[in-house]
Amino acid sequence: MPSTPDHSRDTVAQKLPATRDSAATDARGISIEPTAADASSSPAPSGEAPSGEEPADESAVQESTERFVLFSPGGPLVIELRITIDGKPFRAMREELIDEALKLADRDGDGRPTWAEVFSDPKRRFSKRLDLPIDRKNRKEFFKTHDTNQNGTVDRDEARRFVARAKNAGSAFALSGSSEYRGSNRRSSIVLATLDADGDGKLSSEELALAEPRLLTRDANDDGTVTWGEMDDTLAGDAQAVMSRTSYLTAPAAAALGPQADWDGIVYTFAEQYLIDGEPAAEAFALAPSLPGTLDEDGDGRLSYEEVQRLETIEPHLVLASNFGKTGDLLAGVSLVGLSPELGEADRVVSHLASGLLFDWGGYRLQIASEDRAPQAADEPSAEMLLTMYDADKNGYLDKTEAAAAPPLAADMETLDANDDGKVYLDEIESLLRGRRSPQLSAVQAVVRHDQDVLFPQLDLNHDGRLTTRELRRCREQLASLDRDGDGRIAVQELPETMTITLGRGLPTNSMPNAMPLAAAPAPRDGPSWFIHMDRNRDQEISPEEFPGEHGKFRSIDLDADGFLSLSEAQAAATAQAEGSQAEGSQTEGSQTEGSQTEGSRAEGSQTE
């Protein structure tokens, strides 16, 4: 993509003062900067992909919506997310936590929570419930830090900031990412360098033919698969490389829209990547060619500061549903709700992966992945389970003796009994459990990155972060499909630009979802024992090299004749064997019964005689 000269910034900013404050004021004055909730009420893009993912009513849509602009190599795209947690708009979980915090801050029950009550509480319920220590030695510093408007009251926004600090949870929604690998992920592709034996920057037909064995040279643990960790040795002991990478973190790959939009940053990034002296650069809007005309309100062929701000109100190019937790009738993970006609038909450009969605527009690929860090229900008992288990006298609450006998509750006896009545009820247990795990579980992060290597995702067909035996054998075919000009060679310019958006929940702010999965898929926990033991590389299928038996036996189990034994084929073989054994057992039993009957007849004949 073209890079705009420094003076282009002045061109873009001519019509509005280039300061964030003045831009925000002017935007509000001409009513082109609604809230994210208001923006979500605009019509969904035509060419929708029906999925049943929309929340039930308009207000629910508004409460669950976030919008951002993606600075993709194929041009800017406006993306709308509709996020739910446990089937509700995602902000509801955080607001419940804030309600709990305000209730704990109102110790005298007069309806006015104060920081004085929080600070003087000997049981420190407010801070303990959110697992945040309070320094009670310095009252002045405490009030200065938390009572931001110095009115003594715990206002809702102040409680919200306090909850966001708990376990480094952060805000209810956060968008981050960088353009670190923009462009370089093609030129500096590790996969390309591994396969390019003559170093000419292109892959010849001879090099494509040797792709599998050359990639296997990176198989450090000799398990027959190649993980991204085995490929990526660029940072091994290289402190300078680490420093150079961190320098890219200020270059955004996406920017939030809505009330918190940084319009200085959005406009300048937009100009640097897609405009030349305020005019759209040739082919800079490959994915959405109508966007410049939509933004150009006065039709002069140039985009001003305020015209770029119209990104806030246009219909989104992509509408995605992202559902976490107990989703009920909604699809867990990420799914497509709407797709702009300019981006093509969903059944042609969208692939459904185990981790999410993959959009393939020829020279541009975008993966949308989901990562939920919520604890499994089996790992942590619910409040109802704890009350049922430890309420020995079945009177509907736990007294101090019963609560002390419950290991998950015993350490929090001081904070459990919120009203000091000597009884712990269901709502008090629920409040405690929410305080322990909900700050992080009520926070959703969207991390946007250019993939480090454009070829690895092209070969990693199931996007589990490694190249399995099947994928390695298909890599020549996959690479050959990139030969757009049909000359039998793959040039750098023919490699697709690739990006990943990872939507994660339950991660602290000092952690980030994986933009490129590194962990291998888990081995199957069920299925025939022989299948589990033979699957040495844990790719959930068995290659001929992993099968110790006769080749004829392998072919008899390989029902689809694709050269691999899948879990379903192994289960089918085990079922057939079990049924055969039962039939053989029945025949044997029948023969024994027939023999007994004959012997009985002989005995009967003897008696008659």
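Residues numbered from 1 in each chain as written. Predicted model: local features only at pLDDT ≥ 70, side-chain atom pairs only at ≥ 80, totals over all residues. Heavy atoms only, no water.

Things to note about the overall build of the protein
Of the regular secondary structure elements, the protein holds 30 helices and 22 strands. Within the protein, the fraction of its 609 residues that count as buried is 47%. In the protein, the share of contacts with a sequence separation of at least 24, taken over all contacts with a separation of at least 6, comes to 66%. (Helix = DSSP H or I, 4+ residues; strand = E, 2+ residues; numbered from the N terminus. Buried < 20%, exposed > 50% of the residue type's maximum accessible area, 1.4 Å probe, protein only. Contact = heavy atoms within 4.5 Å.)

Brief notes about helix H8 (residues 139–146)
Where H8 is concerned, the buried positions are Phe-142, Phe-143 and His-146. Seen from one end, H8 has its buried residues packed into an arc of 95 degrees, which puts them on one side. Opposite the buried face of H8, at more than 90 degrees from it, the exposed residues are Lys-140 and Lys-144. (Arc of directions from axis to C-beta.)

Some words on the environment of Arg-555
Position of Arg-555 among the secondary structure elements: in helix H29 (residues 551–557). Taking the C-alpha atoms as reference points, Arg-555 and Pro-544, separated by 11 residues in sequence, lie 9.5 Å from one another.

Remarks on helix H20 (residues 383–390)
Of the residues making up H20, those classed as buried are Ala-383, Leu-386, Leu-387 and Tyr-390. All buried residues of H20 project into a common sector of 95 degrees when viewed along the axis, lining one side. The exposed set on the far side of H20, more than 90 degrees from its buried face, consists of Thr-388 and Met-389.

Details of the nonpolar core
Judged by nonpolar contacts, the single largest core of 61 residues is most densely connected at Leu-70, Leu-311 and Phe-359. Looking at this core, the element that brings in the most residues is helix H16 (residues 263–274), giving seven residues. With near-sequence residues (within four places) excluded, Leu-70 lies in contact with Gly-75, Pro-76, Leu-77, Ile-79, Ala-253, Ala-254, Tyr-274, Leu-366, Val-448, Met-499 and Ile-501. Judged by nonpolar contacts, the second largest core, of 23 residues, contains Leu-208, Trp-228, Leu-455 and Leu-482. (Core = buried A, V, L, I, M, F, W, Y, C linked by side-chain atoms within 4.5 Å.)

Quick look at the pairing of strand E13 (residues 356–360)
Buried residues dominate E13, accounting for four of its five residues. Across three bridges, the pairing between strand E12 (residues 350–352) and E13 is antiparallel. By the bridge assignment, Val-350 is partnered in E13 with Phe-359. Taking the residues that link successive antiparallel strands as the turn, the E12-E13 hairpin has three residues. What sits between E13 and strand E14 (residues 364–372) in their antiparallel hairpin is a turn of three residues, with Gly-362 showing a positive phi close to 75 degrees. (Pairing = 2+ DSSP bridges.)

Thoughts on the sheet that holds E14
Hydrogen bonding along the main chain pairs the strands of a sheet, whether they run parallel or antiparallel. An order of E4-E17-E20-E14-E13-E12 is seen for the six strands of this open sheet, with the pairing classed as mixed. Of all strands in the sheet, those with a lone pairing partner are strand E4 (173–178) and E12, marking the two edges. For this sheet, the mean inter-axis angle between neighbouring strands, taken without regard to orientation, is 15 degrees. Summarising the sheet, E13 and E14 pair through five bridges and their orientation is antiparallel. Across the sheet, Leu-357 pairs through a bridge with Ile-368, a residue of E14. (Axes fitted to C-alpha atoms, helices over the stretch in contact; angles between N-to-C directions.)

As for the pattern of salt bridges
In this structure the tally under the stated criterion is 17 salt bridges. A salt bridge links Arg-156 to Glu-95; the shortest N-O distance between them is 3.0 Å. Note that Arg-156 is positioned in helix H9 (residues 156–165) and Glu-95 in helix H5 (residues 91–105), a separation of 61 residues in sequence. For Arg-156, a relative accessible area of 32% corresponds to the partly exposed category. (Salt bridge = Lys/Arg side-chain N within 4 Å of Asp/Glu carboxyl O.)

Here we look at the side chain of Asp-106
Along the polypeptide, Asp-106 turns up in the loop between H5 and helix H6 (115–120). Of the side chains bearing the opposite charge, Arg-112 lies closest to the buried Asp-106, which forms no salt bridge; the N-O distance is 8.4 Å. Of the polar contacts made by the side chain of Asp-106, one reaches the backbone nitrogen of Gly-109; its length is 3.2 Å. Look past the residues within four positions of Asp-106 in its chain and what remains in contact with it is Gly-111, Arg-112, Pro-113 and Glu-117. (Lys, Arg positive; Asp, Glu negative; His and termini not counted. Polar contact = N/O pair within 3.5 Å; in protein donor to acceptor, adjacent residues only side chain to side chain.)

Quick notes on the packing of H5 against H9
Running from amino to carboxyl end, H5 crosses H9 at an angle of 110 degrees, the nearest separation of the two axes being 9 Å. When the axes of H5 and H9 are compared, the pair comes out roughly perpendicular. The residues of H9 that touch H5, namely those facing Arg-94, Glu-95, Leu-97, Ile-98, Asp-99, Ala-101 and Leu-102, are Arg-156, Ala-159, Arg-160, Val-163 and Ala-164. (Parallel < 35°, antiparallel > 145°, perpendicular 65-115°, else oblique.)

A closer look at the confidence of the model for the protein
When the pLDDT values of the protein are averaged, the result is 77; 74% of them are 70 or greater. Contacts from residues 235–249, a stretch scored under 50 in pLDDT, to residues over four places away or in other chains number 15 contacts. Scored below 50 in pLDDT, residues 514–524 shows 32 contacts in the model against residues more than four places distant or in partner chains. (pLDDT = per-residue confidence, 0-100.)

Structural notes on the side chain of Glu-230
Checked against the element boundaries, Glu-230 lands in helix H14 (residues 228–231). No salt bridge is formed by the buried Glu-230; its nearest oppositely charged neighbour, Arg-218, is found at 8.4 Å. A polar contact is formed between the side chain of Glu-230 and the backbone nitrogen of Ala-220, at a distance of 3.0 Å. Once residues lying within four places of it in the same chain are set aside, the contact partners of Glu-230 are Arg-218, Asp-219, Ala-220, Asn-221 and Thr-225.

Overview of the packing of aromatic side chains
Here the structure, examined in full by the defined rule, presents 12 aromatic pairs. On the numbers, 6.2 Å between centres and 50 degrees between planes, the contact of Phe-119 with Phe-143 is tilted. Pair noted here: Phe-119 is in helix H6 and Phe-143 is in helix H8, with a separation of 24 residues, a long-range link. For Phe-143, a relative accessible area of 15% gives the class buried. When the ring of Phe-270 is compared with that of Tyr-274, the centres are 5.6 Å apart and the planes differ by 70 degrees; the resulting orientation is edge-to-face. (Phe/Tyr/Trp six-rings, centres within 6.5 Å; stacked < 30°, edge-to-face > 60°.)

Comments concerning the environment of Glu-66
Inspection of the secondary structure assignment puts Glu-66 in strand E1 (residues 65–72). The spatial distance from the C-alpha of Glu-66 to the C-alpha of Ile-79 is 8.4 Å, given a sequence separation of 13 residues. Ignoring any residue separated from it by four or fewer positions in sequence, one finds Glu-66 in contact with Ile-79, Glu-80, Leu-81, Ile-83, Phe-90, Arg-91 and Phe-173. Among the polar contacts listed, one links the side chain of Glu-66 to the side chain of Arg-91, at a separation of 2.5 Å.

Topic: unusual backbone geometry
One non-glycine residue, Asp-86, lies in positive phi territory at about 55 degrees. As for its position among the elements, Asp-86 is in the loop between strand E2 (75–85) and strand E3 (88–89). The exposure class of Asp-86 is partly exposed, given its relative accessible area of 37%. Despite not being glycine, Asp-277 shows a phi value in the positive range, around 55 degrees. Structurally, Asp-277 is set in the loop between strand E8 (275–276) and strand E9 (279–280).

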